[in-house]
Amino acid sequence: MERTDLIDRINAIFREVFDDDGLVVTPEMTADDIEEWDSLSHIRLIVAHEIKFGVKFKTIELNGLKNVGNFIDLLKSKLD
């Protein structure tokens, strides 16, 4: 899957979790950029991606992520 296609699919999940149809995800985005991004919404994001893409993330994989771009790279590695 191409990175741009992946970003589009991820963006749809972010919009659903944060209930914001105008949200545009960028690789540089962090939790600090979205006011509603708290620990509960973080878990909802991870679970939504696991369900949508049929993957499982390990806690250790998620702990080192600095931004959405790192998450995209992790997800892409699981899909390739």
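A.B. asks: Is there a simple way to explain the nonpolar core in this structure?
C.D. replies: Within the largest apolar cluster, 23 residues are counted, with the highest numbers of intra-cluster contacts made by F14, F18, F57 and L75. For this core, the elements supplying multiple residues, two or more each, are α1 (3-18), α2 (39-53) and α4 (68-79). For F14, the residues in contact, after removing those within four places along its chain, are D19, L23, V25, I34, W37, L45, H49 and V68.

A.B. asks: Could you clarify how one ought to interpret the packing of α1 against α4 in this entry?
C.D. replies: The axes of two packed helices give the description: the angle between them and the distance between them. With their axes 11 Å apart at the nearest point, α1 and α4 run at an angle of 115° to one another. The orientation of α1 relative to α4 falls into the category roughly perpendicular. In terms of crossing hand, the pair formed by α1 and α4 is right-handed. Of the residues in α4, those in contact with R3, L6, I7, I10 and F14 of α1 are V68, G69, I72, D73, L75, K76 and L79. Of the residues contributing to the contact of α1 with α4, the split by class is eight nonpolar, one polar and three charged.

A.B. asks: Help me understand the layout of surface pockets, please; the structure alone is not making it clear to me.
C.D. replies: Left-over empty space is what a probe sized like a water molecule reveals as it rolls over the atoms. What the largest pocket holds in volume is close to 250 Å³. Lining the largest pocket are 15 residues; nearest its centre among them are W37, H42, L65, N67 and F71. Listed by contribution, the elements that provide at least two residues to the lining of the largest pocket are α2 and α4. With four residues, the top contributor of residues to the lining of the largest pocket is α2. Tallied by class, the residues present in the lining of the largest pocket amount to 10 nonpolar, four polar and one charged.

A.B. asks: Teacher, can you tell me more about the packing of aromatic side chains here?
C.D. replies: A ring pair, where both rings are aromatic, is described by two values, the distance of the centres and the angle of the planes. Going through the model one piece at a time under the given rule, you end up with four aromatic pairs. Relative to F18, the ring of F14 has its centre 6.0 Å away and its plane inclined at 40°; by these criteria the two rings are tilted. Of this pair, F14 and F18 both sit in helix α1, separated by four residues, roughly a single helical turn. This pair shows no difference in class: F14 is buried, exactly as F18 is. For the ring pair F14 and W37, a centre distance of 5.6 Å and an interplane angle of 75° mean the geometry is edge-to-face. Of this pair, F14 sits in helix α1 while W37 is found in the loop between α1 and α2, placing the two residues 23 residues apart along the sequence. On the basis of relative accessibility, which here comes to 2%, the residue F14 falls in the buried class. Clustering of aromatic rings is evident, with ring pairs tying together F14, F18 and W37.

How each quantity is defined
- Residues numbered from 1 in each chain as written.
- Predicted model: local features only at pLDDT ≥ 70, side-chain atom pairs only at ≥ 80, totals over all residues.
- Heavy atoms only, no water.
- Core = buried A, V, L, I, M, F, W, Y, C linked by side-chain atoms within 4.5 Å.
- Buried < 20%, exposed > 50% of the residue type's maximum accessible area, 1.4 Å probe, protein only.
- Helix = DSSP H or I, 4+ residues; strand = E, 2+ residues; numbered from the N terminus.
- Contact = heavy atoms within 4.5 Å.
- Axes fitted to C-alpha atoms, helices over the stretch in contact; angles between N-to-C directions.
- Parallel < 35°, antiparallel > 145°, perpendicular 65-115°, else oblique.
- Left-handed = near helix turned anticlockwise from the far one by under 90°.
- Nonpolar A, V, L, I, M, F, W, Y, C, P; charged D, E, K, R; others polar.
- 1 Å grid on protein atoms, 1.4 Å probe; cavity = no way out; pocket = protein on both sides within 12 Å on 5 of 7 lines; lining within 4 Å.
- Points joined across faces, edges and corners; volume = space filled by probe spheres on them.
- Phe/Tyr/Trp six-rings, centres within 6.5 Å; stacked < 30°, edge-to-face > 60°.

Function cannot be inferred from these measures alone, as they are strictly geometric.
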